[in-house]
Amino acid sequence: MENMQYAEELVREFLVFRGFTNTLQAFETEICTDIGKMFQVYKIVDLIFAVYIPKFHAEKLVGLFSFFKQCFSSWSETTMLDTFSKLEGSVLRCYIVHALQSGRKDKVVEFFGMNGNDLLLKGSDWTAWFAIPYVKNPSIDPQFRVYFSKEWYEALRLSVRNFFSEIFNARLPALLKISSEKNTISCLKKDNKRLNQKLLQLQALLEEKEAQLGLSKRSMGAANSSFQSSGIDGENLRPSSSSEDICAPATSYLGRIPQGEECAAAEPTKFASARVESSSRQDSYSASSLHASSGGIDDTAQKLYGSHFDENGREMLREEEFPEVSVEFQETFLGHTSPITRCRFSASGNNIASASVDGTVRIWTYDSSIPASRNATIYCGAEIMSLDWECKSDRLLLIGTADGGIKAWNVDAKRVVCDLNTTDAFPSVLDLKCSPVEPIFVSAASSRRLGSNSIDSLGYASLTVWNMKTWKAMTVLPLGEDPPAITSLCFNHNGKILAASATDGMIHMFDMSAGLQITGWPAHDSAISSLLFGPDETSIFSLGSDGKIFEWSLQNQGRVLWSKTSSWFSEPQTSKYFRHEMALDASGRQLLSTSGSVRAPIYQVQGHSNGFKTLPHSAAITTVDWHPSLPIFLTGSADNSVRVTSIL
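Residues numbered from 1 in each chain as written. Predicted model: local features only at pLDDT ≥ 70, side-chain atom pairs only at ≥ 80, totals over all residues. Heavy atoms only, no water.

Trainee: Whenever I open this one, the overall build of the protein chain confuses me. Can you help?
Mentor: When helices and strands are tallied, the protein chain shows 11 helices and 30 strands. Counting the 648 residues in the protein chain, one finds 47% classified as buried. At a minimum sequence separation of 6, the contacts of the protein chain that also span at least 24 residues come to 51%. Carbon and sulfur atoms form 53% of the exposed surface of the protein chain, whose accessible area is close to 33,100 Å². (Helix = DSSP H or I, 4+ residues; strand = E, 2+ residues; numbered from the N terminus. Buried < 20%, exposed > 50% of the residue type's maximum accessible area, 1.4 Å probe, protein only. Contact = heavy atoms within 4.5 Å. Areas by Shrake-Rupley, 256 points an atom, 1.4 Å probe, with all protein chains shown as cover.)

Written out as structure tokens, the structure reads:
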């Protein structure tokens with residue numbers, strides 16, 4: 001009863017919204033006379049045989065059956081679908097017979113004029129019926145005689161009534177399901193919130209235990225030092241512990257650094273082992289560097305354990321000193337089997353496309369209230385290097401691969417509608433961007449060469465403009481002779497300006513109407529890996545491969561409005577395999593970037609606070625994106641997972 005009342009309220013709301021006051025009055029009247037509150041099959045039968053057929057409402061009759069077919073599109077039983085199609089054909093024949101019996105051949109001709117093509121597609125058994133208006137006496141014709149009998153008409157009414165009775169008694173309308181699904185989602189959200197609170201409590205408890213462990217280690221280190229200064233062999237008194245063994249390389253050369261500091265972790269338990277391994281690897285690297293250096297603690301050790309200052313002498317916070325972001329909910333997608341290379345929200349934010357090194361793209365949704373009909377797995381046969389959704393809708397997804405392929409995937413039809421290829425000279429499609437206004441997109445492809453990391457292996461650049469209606473190349477944007485590879489593209493709000501960043505640290509600006517470069521300036525000392533227009537489009541953000549982030553003024557070219565150095569979250573090893581990228585939230589106030597660590601930084605743009613850090617993955621965060629309108633972000637990781645996080 002509760003579900004029924006909720007559904008009726010939804011109908012009333014819609015009728016008032018559309019201004020259907022007469023329909024609303026009729027609806028209220030019929031509700032007052034409704035006693036059974038259940039499906040009444042005789043009203044459907046009367047509508048067909050007492051209204052639509054006698055009054056020659058052929059268009060409404062066909063529309064009614066099309067509506068039923070759409071409602072029952074989820075039928076999995078072939079026999080049920082066949083039965084419905086046969087009943088539909090018989091009802092349409094009944095309409096034709098009634099028109100002929102009433103002397104209205106014109107209605108028969110009109111019916112075939114409107115629906116003839118569709119009927120021919122349904123089967124050859126309709127071919128003979130196109131001649132029935134011209135048969136002199138069809139009621140005695142052997143081919144049509146049975147359809148003019150009263151027995152056939154009564155049998156048809158009975159069959160229609162029995163069929164709809166069975167279907168509707170076993171199926172609830174979608175409106176009645178909304179209330180129960182809403183309650184289910186509400187319960188799930190409450191459970192999710194409760195579990196998140198429990199997780200935060202466990203994290204706090206873990207941090208407290210880690211702090212106690214660090215304190216005990218420092219006390220033990222002091223005790224060992226006092227024993228050694230007294231001439232007692234400290235090795236005989238050292239306890240055998242896995243944690244102590246991991247910290248041993250650091251304590252061997254950093255006597256003045258507290259022993260517990262480099263091993264303390266603030267991550268959940270399931271990520272703790274990965275973090276310990278990372279610390280051990282960094283300690284070993286620092287130890288070897290120190291041993292080779294005659295000047296004491298080298299730059300690497302200072303970076304890991306000492307204070308760090310930017311170019312202006314201001315002290316920067318270390319990774320562990322960033323506060324953890326406040327999370328409302330988080331969902332983890334585990335459908336991939338290799339590291340994630342790109343993940344993107346669709347234009348509406350309802351769907352997500354994520355790609356991995358193994359050449360697969362998966363389309364999915366994190367919200368249970370959104371239909372999963374568009375979910376799909378696309379096999380591209382090569383590493384995915386770029387993804388972009390069509391800006392005006394969620395209909396098309398563009399995919400760029402490392403072997404020069406560009407695929408356009410239609411999410412409604414669930415198929416590749418176009419399969420393009422760049423020239424053999426430029427096989428790596430580093431980025432794709434759709435125009436927000438016109439049906440065009442731009443591809444940034446590059447040649448290949450030998451290199452120690454992903455940036456060094458990029459050769460020369462090629463920028464091509466493609467038409468999304470004809471799926472053909474329109475023009476190649478000029479970059480000069482032997483231009484360095486273009487790594488990132490972005491359009492302004494009206495699609496008239498295209499910005500492109502290059503491996504030589506340059507930012508290029510193109511006028512798309514003229515197809516010419518209008519300006520450019522050197523922005524970084526290293527390669528630029530990501531580029532974004534600011535929210536008011538008076539500035540542009542650039543992220544260098546060295547971890548430096550700049551916001552550049554477009555009104556005063558070359559002027560830096562804001563900057564950050566994310567070196568604490570960068571790891572040289574990671575850049576060998578992944579190009580770092582960044583993403584701005586809808587307000588343009590928060591900037592999220594990829595990270596060589598298991599956490600990624602969220603900076604407050606031009607704010608006084610340093611920012612936050614995300615909840616951890618178990619490996620480096622290789623790709624990021626923000627929801628187009630909500631405080632929800634995506635993080636893809638080298639641990640094959642993609643996470644959707646909603647923040648408070």
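Trainee: Explanation requested: the nonpolar core in the structure shown.
Mentor: Generally speaking, a soluble globular protein has its nonpolar side chains buried in company with each other. Among the nonpolar cores identified, the biggest contains 41 residues, and Ile48 and Ile96 are the most heavily contacted of them. Of all the secondary-structure elements, those providing two or more residues to this core are helix H3 (41-52), helix H4 (58-71), helix H5 (78-101), helix H6 (105-122) and helix H7 (150-169). Here this core takes 11 residues from H5, the largest share from any one element. Each residue touching Ile96, except ones within four places of it in the same chain, is listed here: Val108, Phe111, Phe112, Trp126, Trp129 and Ile132. Membership of the second largest hydrophobic core comes to 16 residues, among which are Val465, Leu479, Leu498 and Met512. (Core = buried A, V, L, I, M, F, W, Y, C linked by side-chain atoms within 4.5 Å.)

Trainee: Help me understand H3, please; the structure alone is not making it clear to me.
Mentor: For an α-helix the count is 3.6 residues per turn, leaving residues at separations of three or four pointing the same way. When the terminal C-alpha atoms of H3 are compared, their 16 Å separation across 12 residues agrees well with the 16 Å that a helix rising 1.5 Å per residue should span. Burial in H3 covers these residues: Val41, Ile44, Val45, Ile48, Phe49 and Tyr52. All buried residues of H3 lie within an arc of 125 degrees about the axis, which places them on one face of the element. (Expected span 1.5 Å × (residues − 1). Arc of directions from axis to C-beta.)

Trainee: How should I be thinking about the pairing of strand S6 (residues 360-364) in this particular structure?
Mentor: Within a regular strand, side chains alternate between the sheet's two faces. The element S6 is extensively covered by neighbouring structure, given that five of its five residues are classed as buried. The alternating pattern of S6 places Thr360, Arg362 and Trp364 and Val361 and Ile363 on opposite faces, both of which are buried. Bridging between strand S5 (residues 352-356) and S6 involves four bridges; their strand directions are antiparallel. Looking at the pairing, Ile352 lines up with Trp364 of S6. The loop that links S5 with its antiparallel partner S6 comprises three residues; one of these, Gly359, has a positive phi angle of about 90 degrees. Here S6 pairs with strand S7 (residues 376-379) via four bridges, running antiparallel. The residue of S7 that forms the bridge with Val361 is Ile378. (Pairing = 2+ DSSP bridges.)

Trainee: I tried to follow the pattern of salt bridges on my own but got confused; where do I start?
Mentor: Any two side chains of opposite charge can pair, given that their charged atoms come close. By the definition in use, this model includes 13 salt bridges. Taking the shortest distance from any N to any O, the salt bridge between Glu390 and Arg395 comes out at 4.0 Å. Of the charged contacts, one joins Lys407 and Asp419 as a salt bridge, the two residues approaching to 2.9 Å between their closest N and O atoms. With a gap of 12 residues between them, Lys407 in strand S10 (residues 405-410) and Asp419 in strand S11 (residues 415-421) connect regions that are remote in the sequence. (Salt bridge = Lys/Arg side-chain N within 4 Å of Asp/Glu carboxyl O.)

Trainee: Just checking my understanding: could you explain a nonpolar patch on the surface for this structure?
Mentor: Taken together, the side chains of Phe14, Phe17 and Phe20 make up a nonpolar region of the molecular surface, amounting to roughly 350 Å² of accessible area. The residue Phe14 is located in helix H1 (residues 2-18) in this model. Among the residues examined, Phe14 registers a relative accessible area of 44% and is labelled partly exposed. (Patch = residues over 30% accessible without salt bridge, like charges linked within 9 Å, V, L, I, M, F, W, Y side chains within 5 Å.)

Trainee: How do you make sense of the sheet that holds strand S3 (residues 327-333) when you look at a structure like this?
Mentor: Backbone hydrogen bonds hold the strands of a sheet together, and the pairing may be parallel or antiparallel. Here four strands make up an open sheet; going across it, the order is S3-S30-S29-S28 and the pairing antiparallel. In the strand order of this sheet, the two ends are held by S3 and strand S28 (621-626), each with one partner. When strand polarity is set aside, the average angle formed by the axes of neighbouring strands in this sheet is 20 degrees. Strand direction decides the pairing type here: strand S29 (residues 632-637) and strand S30 (residues 642-647), joined by five bridges, are antiparallel. Looking at S30, one finds that Ile632 is bridged to Ser646. (Axes fitted to C-alpha atoms, helices over the stretch in contact; angles between N-to-C directions.)

Trainee: Can you help me understand the side chain of His580 in this one?
Mentor: Secondary-structure assignment places His580 in the loop between strand S23 (560-565) and strand S24 (582-584). Within the local environment of His580, its side chain forms a polar contact with the side chain of Thr594, the two groups lying 2.9 Å apart. (Polar contact = N/O pair within 3.5 Å; in protein donor to acceptor, adjacent residues only side chain to side chain.)

Trainee: What is the right way to read the sheet that holds strand S9 (residues 396-401) from this model?
Mentor: Pairing is antiparallel across the open sheet formed by four strands, whose spatial order is S8-S9-S10-S11. With one partner strand each, in any of the chains shown, strand S8 (384-389) and S11 form the two edges of the open sheet. When the angles between neighbouring strand axes are averaged without regard to direction, this sheet yields 20 degrees. Summarising the sheet, S10 and S11 pair through six bridges and their orientation is antiparallel. By the bridge assignment, Lys407 is partnered in S11 with Asp419.

Trainee: What is the right way to read the pairing of S29 from this model?
Mentor: Among the six residues in S29, six count as buried, and that is most of the element. Of the two faces of S29, the one holding Ile632, Leu634 and Gly636 and the one holding Phe633, Thr635 and Ser637 are both buried throughout. Bridge count between S28 and S29: five bridges; the pairing is antiparallel. Note on S29: the bridge partner recorded for Trp626 is Phe633. Hairpin geometry of S28 and S29 is characterised by an intervening segment of five residues between the two adjacent antiparallel strands. What sits between the antiparallel neighbours S29 and S30 is a turn of four residues, in which Asn640 has the positive phi angle 80 degrees.

Trainee: I'm lost on the packing of H3 against H4 in this one. Help?
Mentor: When two helices pack together, their arrangement is given by the angle between the helix axes and the distance between those axes. Remark: H3 packs on H4, axes separated minimally by 11 Å, with the N-to-C direction vectors making an angle of 160 degrees. With respect to each other, H3 and H4 are oriented roughly antiparallel. As for how H3 packs across H4, the hand of that crossing is left-handed. For the pair H3 and H4, contact is made by Ile44, Leu47, Ile48 and Tyr52 and by Lys60, Leu61, Leu64, Phe65 and Phe68, respectively. Here the residues of the contact of H3 with H4 are counted per class, giving eight nonpolar, no polar and one charged. (Parallel < 35°, antiparallel > 145°, perpendicular 65-115°, else oblique. Left-handed = near helix turned anticlockwise from the far one by under 90°. Nonpolar A, V, L, I, M, F, W, Y, C, P; charged D, E, K, R; others polar.)

Trainee: Before we go on, may I ask you to explain the environment of Trp552 in this structure?
Mentor: With respect to the secondary-structure elements, Trp552 resides in strand S22 (residues 548-553). For Trp552, a relative accessible area of 6% puts it in the buried group. Once the C-alpha coordinates of Trp552 and Ile540 are considered, the two residues, 12 residues apart in sequence, prove to be 5.2 Å apart. Within the local environment of Trp552, its side chain forms a polar contact with the side chain of Ser542, the two groups lying 2.9 Å apart.

Trainee: Any chance you could explain the packing of aromatic side chains here in plain terms?
Mentor: Aromatic ring pairs: the centre-centre distance and the angle between the two ring planes describe each pair. Counting across every chain of the model gives 25 aromatic pairs. Measuring from centroid to centroid gives 5.5 Å for Tyr95 and Phe111, while their planes differ by 40 degrees, and the two rings are tilted. With Tyr95 in helix H5 and Phe111 in helix H6, the pair connects residues that are 16 residues apart, well separated along the chain. Three or more aromatic residues joined by ring pairs make a cluster, and in this case those are Phe65, Phe67, Phe68, Phe84, Phe163 and Phe164. Arg93 extends its terminal NZ or CZ atom over the ring of Trp126, reaching a point 4.3 Å from the ring centre. Its guanidinium or amino end placed over the ring of Phe56, Arg104 lies 5.5 Å from that ring's centre, counting from NZ or CZ. (Phe/Tyr/Trp six-rings, centres within 6.5 Å; stacked < 30°, edge-to-face > 60°. Lys NZ or Arg CZ within 6 Å of the ring centre and 35° of its normal.)

Keep in mind that these numbers describe shape and distance, not what the molecule does.
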